[in-house]
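The primary structure of each chain is shown beneath.
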Amino acid sequence: MPKMKTKSGAKKRFKMTASGRVKSGVAGKRHRLLNHSGDYIRQNRGTKVLSKGDENLVKWYMPYNR
């Protein structure tokens, strides 16, 4: 059986944690930051862990990254 392909966009955007969850960068931090409050900018610093539904989809995109 041939190898499954990994979605190249997913491998650039997502990483796996040691416990098997999926983490990603936070949306809304690229431009127009003057319109967002300081609380919003501070809370969305760094990375976040995805929800279960999104996590299942990303794991399907990256079959070998488990």
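First, a word on scope: everything that follows refers to the structure included in this document. (Residues numbered from 1 in each chain as written. Predicted model: local features only at pLDDT ≥ 70, side-chain atom pairs only at ≥ 80, totals over all residues. Heavy atoms only, no water.)

**Focus on the pattern of salt bridges**
Alright, step 1. Under the counting rule described, the total for this entry stands at four salt bridges.
Alright, step 2. Where Arg42 meets Asp39, a salt bridge forms, and the shortest distance between an N and an O atom there is 2.6 Å. Here the residue Arg42 and the residue Asp39 both occupy positions in helix α2 (residues 38-43), the gap between them amounting to three residues, near one helical turn.
Alright, step 3. What makes Arg42 partly exposed here is its relative accessible area of 48%.
Alright, step 4. With its nearest N and O atoms 3.1 Å apart, the salt bridge here joins Glu55 to Lys59. Of this pair, Glu55 and Lys59 both sit in helix α3 (residues 52-61), four residues apart, which is roughly one turn of the helix.
Alright, step 5. A relative accessible area of 1% means that Glu55 is categorised as buried. (Salt bridge = Lys/Arg side-chain N within 4 Å of Asp/Glu carboxyl O. Helix = DSSP H or I, 4+ residues; strand = E, 2+ residues; numbered from the N terminus. Buried < 20%, exposed > 50% of the residue type's maximum accessible area, 1.4 Å probe, protein only.)

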